[in-house]
Every structure is written in structure tokens, then in C-alpha cells.
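Structural features, examined
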Amino acid sequence: MTKKAKALVLFSGGLDSMLSALILKERGVKVTPMCFFSHFFKCDKAHLFAKDAGFKLRKEDFSKEHLKIVKNPCFGRGSGMNPCIDCHLLMLKKAGQIMRKEEYDFVVTGEVLGQRPFSQNRRALELIEKRAGLKGMIVRPLSLRVLPETIPEKKGLIQREWFYDIKGRSRKPQLALARRFKIKNIPTPAGGCILTDPVFSQRLKELFELKKNFNGSDVELIKSGRVFFKNNFLIVVARNESECKELLKKRKRGDLVLEPHSFPGPTVLVRRIKKSPRSEMIDCGIKLLLDYAKNVPEDPVIEILPFPKSC
Ligand code: SF4
């Protein structure tokens, strides 16, 4: 190796990306693991595993761009609202921009040929590489020896024999590698993306049908509590004290927040999704608050919480 290569690794916190980073690090490549986050997934798991493996994780917020593809994916969705091909492509495009701007030599992913028959076959990998503007610039350490030669190999920055020829869905080769690298906490394959969660996906689908231009604040609101779409409103009923506090933090100007006065019951937040009178908004919120309250007195008093002055 003539110079110390610099690699930008898409690091999800899964075992495959972790191994990919370690394989390169072992060969003296300067590795920067990078994790994207949006309204739908965070870097918490990646942060923990990066720390375990001795890496400092770089976190990139791509919430705005990601929200756009969630609303309007070019390549369809998975079983929920997850636009996985568009999402992966977006991550690679962004990684490519960072690579060029900050003079990294190549981008690394933990992809394994044939692990996902639809998105990780030879054709799909080539297509996505081309569309991301990274032809020949993506290094996949786990499968590199069964894939075409990359530009960093041609330049002598990395050598083919450092890498592996893993193919298919079996996890055995990766587990063997994890033992070799003495990884104690092996990350589970399940990701933390709520777009694959059926309950959340259904909520998001309903929101999208009613409000095509929903925003990040709407997404945050439907993440917890009991969620209802009634008349022209999005209504969230808290299920416990911590959700009550959360709702207060998530409220925006124009939202209605109701709380029971002197009887046990939930905090309720009502947000308009279409033009409608405030009286209707209050009626809808009160009805749900009373449905989920206990020991309701004959003349219940319900408070409308004013919007905090400091906001
Ligand atoms: S599961 Fe979520 S984070 Fe993962 S590729 Fe699909 S949309 Fe993106």
C-alpha cells in the first residue's frame, strides 16, 4: 500500500457493517463509520456497537431528504411503508458526496451478495452503484472476492486477498468472523427502523392519505400513544405519565391539548389536518379523553392547556 487509504463505512450497527469496518481497520485503512438518522430510525444501536469495536461514530441527519422518499419512493416499498431501495440509494448518494468533499478514497458497505435475493443480487448491486454515482467505488469486504474489481483495488489502495467471498443467506461465515474479531455482543439482524413496524406503518399510511404534505412533527406525534384520525383531526391519547409529558413536548402552536381536572384520565392532543372549526376540535378531543378516563364525575372539568409563553 503506497498511502494509508481513507474509507467511509455505512455503519448501521448490524454485524455485517461492523465486520466490514474491522476487516479494513485490521489492514491499516483509516476507517470512519457513519450512520444516518431520520424521523424513522436513530443511531443508538450503531453508536453502542461502534464504541464496543473501538470506533468513533459519525452521525448524519438526513431527515428532510428521507421524508421526501418515504412520501414518494421511486422503487416501491417493502412490507410496510419502508422504501428500502430508495433509502439505500439515498444513503449511498449522500455518502458519495461526503467522500468527494472530504477526500475519502472509497465507500464501504456490509452488503453480502445474495443475502437479500431482491436487493442484493449482482444486478441490483451494480444498478444501485451506478445510480448513486459510485461505480467501482463501493467496497463490500464480505463479498468482494466474488464481485468485479473495484477502483481502489486498481489503484493499489486495497488488495483482493484481504477480503472474503461470502454469498447467500447463511450467517455462519459472519459468525465465524465475529469470533475471530472477538466480538462479544453480536448485534441482532433486526434493524431499528419503525417503517417496517406494521402498527406504525398503518398509522403513517392513514396520515399520508389524509395529509399528503405531512411533516416531521406529524411523524413524531404518531410514534406513541393511542392515535386516531377522526373528522379532520389527528388525535393522540397518552397511555401513561411519560406519554403525557411527551405530548406536551411535541405540541405545536395551533394544537389543542386537553387534560382532566380532578379526575384520572389521559392528556389528549388534537391537531388539525384539514381546515375545521375549533369547536369541533374541542368536541372530538373531549370525547376521546372521557372514553379513556376513569371515575368520571357527573360534571367533569377539562382544562385546555395554554401554549407555553416561552415557545
Ligand atoms: S428498513 Fe428503513 S432504514 Fe433500512 S433501508 Fe429500509 S427504509 Fe431504510
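Residues numbered from 1 in each chain as written. Predicted model: local features only at pLDDT ≥ 70, side-chain atom pairs only at ≥ 80, totals over all residues. Heavy atoms only, no water.

Looking at the pattern of salt bridges
So the rule is basically this: Note on definitions: salt bridges are taken to be side-chain nitrogens of Lys or Arg within 4 Å of carboxyl oxygens of Asp or Glu. In this scheme, a residue with accessible area under 20% of its type's maximum is buried, one over 50% is exposed, and one in between is partly exposed, where area comes from a 1.4 Å probe on protein chains only. Labels follow the DSSP assignment, with helices taken as runs of H or I lasting at least four residues and strands as runs of E lasting at least two, numbered in each case from the N terminus.
Counted by the stated rule, this structure contains 15 salt bridges. Arginine 239 is the partner of glutamate 243 in a salt bridge, and the nearest nitrogen-oxygen pair spans 2.7 Å. The exposure class of glutamate 243 is buried, given its relative accessible area of 8%. Given a relative accessible area of 47%, arginine 239 falls into the partly exposed group. When the shortest N-O distance is used, the salt bridge between aspartate 291 and lysine 287 registers 3.2 Å. Of this pair, aspartate 291 and lysine 287 both sit in helix α11 (residues 278–291), four residues apart, which is roughly one turn of the helix. What emerges from the salt-bridge pattern is a single network uniting Lys211, Asp218, Asp255 and Arg271.

Things to note about helix α2 (residues 44–52)
Selection criterion: The directions considered for the arc run from the helix axis to the C-beta atoms. Two residues form a contact once any of their heavy atoms are found within 4.5 Å.
For α2, the complete set of buried residues consists of Ala46, Phe49 and Ala50. One side of α2 holds all its buried residues, which, seen down the axis, span an arc of 105 degrees. Among the exposed residues of α2, those oriented more than 90 degrees off its buried face are Asp44, Leu48 and Lys51. Looking at the buried side of α2, the elements it contacts are α1 (15–26) and β2 (30–37). A positive backbone phi angle near 85 degrees is found at glycine 54, which sits one or two residues after α2.

Overview of the packing of aromatic side chains
Formally: Pairing of aromatic rings covers Phe, Tyr and Trp, the last through its six-membered ring, and needs centres within 6.5 Å; plane angles under 30 degrees mean stacked, over 60 mean edge-to-face, and all others mean tilted. Charge-over-ring placement is defined geometrically: NZ (Lys) or CZ (Arg) within 6 Å of the ring centre, and within 35 degrees of the ring normal.
Scanning the entire structure with this criterion turns up seven aromatic pairs. Ring geometry for phenylalanine 208 against phenylalanine 214: centres 5.8 Å apart, planes inclined by 85 degrees, an arrangement best described as edge-to-face. Grouping aromatic residues by their ring pairs yields a cluster made of Phe36, Phe41 and Phe62. The ring of phenylalanine 55 has lysine 25 sitting right over it, with the charged end atom 4.9 Å from the ring centre. Geometry around phenylalanine 214 places lysine 71 over its ring, the cationic atom sitting 4.9 Å from the centre.

Considerations on the sheet that holds strand β3 (residues 58–61)
The criterion, for reference: Between any two strands, at least two bridges found by DSSP are needed for them to pair. For helices, the axis comes from a line fit to the C-alpha atoms of the stretch in contact; other axes are also lines fit to C-alpha atoms, and the angle between any two N-to-C directions lies between 0 and 180 degrees.
Strand order in the open sheet made by the five strands is β3-β2-β1-β4-β5, with parallel pairing throughout. Since the sheet does not close on itself, it has two edges, and those belong to β3 and β5 (138–139), each with one partner. Note: β2 against β3, four bridges, orientation parallel. Note on β3: the bridge partner recorded for phenylalanine 37 is aspartate 61. Its contacts with the sheet place α1 against β1 (6–10), β2 and β4 (106–108), and it is angled at close to 170 degrees to β1.

Focus: the sheet that holds strand β10 (residues 301–304)
Across the sheet, which stays open at both edges, the five strands sit in the order β6-β7-β9-β8-β10 with antiparallel pairing between neighbours. On the outer flanks of this sheet lie β6 (226–230) and β10, each paired with one strand and no other. Averaged over all neighbouring strand pairs, the angle between strand axes comes to 25 degrees, with direction disregarded. Direction of pairing for strand β8 (residues 256–261) relative to strand β9 (residues 268–272): antiparallel, over a ladder of three bridges. Counterpart to leucine 256 in the pairing with β9 is valine 270. Along the sheet, helix α10 (residues 241–250) contacts β7 (233–237), β8 and β9; its crossing angle with β9, the most-contacted strand, is approximately 30 degrees.

Concerning the nonpolar core
Quick note on the threshold: We define the nonpolar core as a collection of buried residues of types Ala, Val, Leu, Ile, Met, Phe, Trp, Tyr and Cys that are connected through side-chain atoms lying within 4.5 Å of one another. Residue ranges assigned to each domain were obtained from an automatic or database domain assignment.
Within the largest apolar cluster, 46 residues are counted, with the highest numbers of intra-cluster contacts made by Phe40, Leu92, Leu134, Leu204, Leu207, Ile222 and Leu234. Sorting elements by how many residues they give to this core places helix α4 (residues 84–101) first, with eight residues. Residue-level mapping places this core at the junction of two domains, with at least three residues from each of domain 1 (6–180) and domain 2 (197–304). By size, the runner-up hydrophobic cluster in this structure holds 36 residues, among which are Val108, Leu142, Ala178 and Phe181.

Things to note about the domain arrangement of the protein
Applied cut-off: By buried area we mean how much accessible surface two parts lose on assembly, using a 1.4 Å probe and totalling the loss over both.
According to the domain assignment, the protein consists of domain 1 (6–180) and domain 2 (197–304). Residue-level contacts link nine residues of domain 1 with 13 residues of domain 2. The junction of domain 1 with domain 2 conceals about 840 Å² of combined surface from both sides, 71% of it contributed by carbon and sulfur atoms. Of all residues in domain 1, the largest losses of buried area upon contact with domain 2 belong to His39, Lys71 and Met81, amounting jointly to 67% of the total for that side. There are zero salt bridges connecting domain 1 and domain 2.

Some words on the packing of helix α3 (residues 63–71) against α4
What counts is decided by this rule: Angles are sorted into four bins: roughly parallel if under 35 degrees, roughly antiparallel if over 145, roughly perpendicular if 65 to 115, and oblique for all others. It is the rotation of the near helix from the far one that decides the hand of a crossing: anticlockwise by less than a right angle makes it left-handed, clockwise makes it right-handed. All amino acids are sorted into three groups, where Ala, Val, Leu, Ile, Met, Phe, Trp, Tyr, Cys and Pro are nonpolar, Asp, Glu, Lys and Arg are charged, and the leftover types, Gly among them, are polar.
For the pair α3 and α4, the least separation of the axes is 10 Å and the interaxial angle reads 150 degrees. Considering the angle they form, α3 stands roughly antiparallel to α4. By crossing handedness, the relation of α3 to α4 is classed as right-handed. Listed contacts from α4 to Glu65, His66 and Ile69 of α3 are Asp86, Cys87, Leu90 and Lys94. By residue class, the composition of the contact of α3 with α4 is three nonpolar, one polar and three charged.

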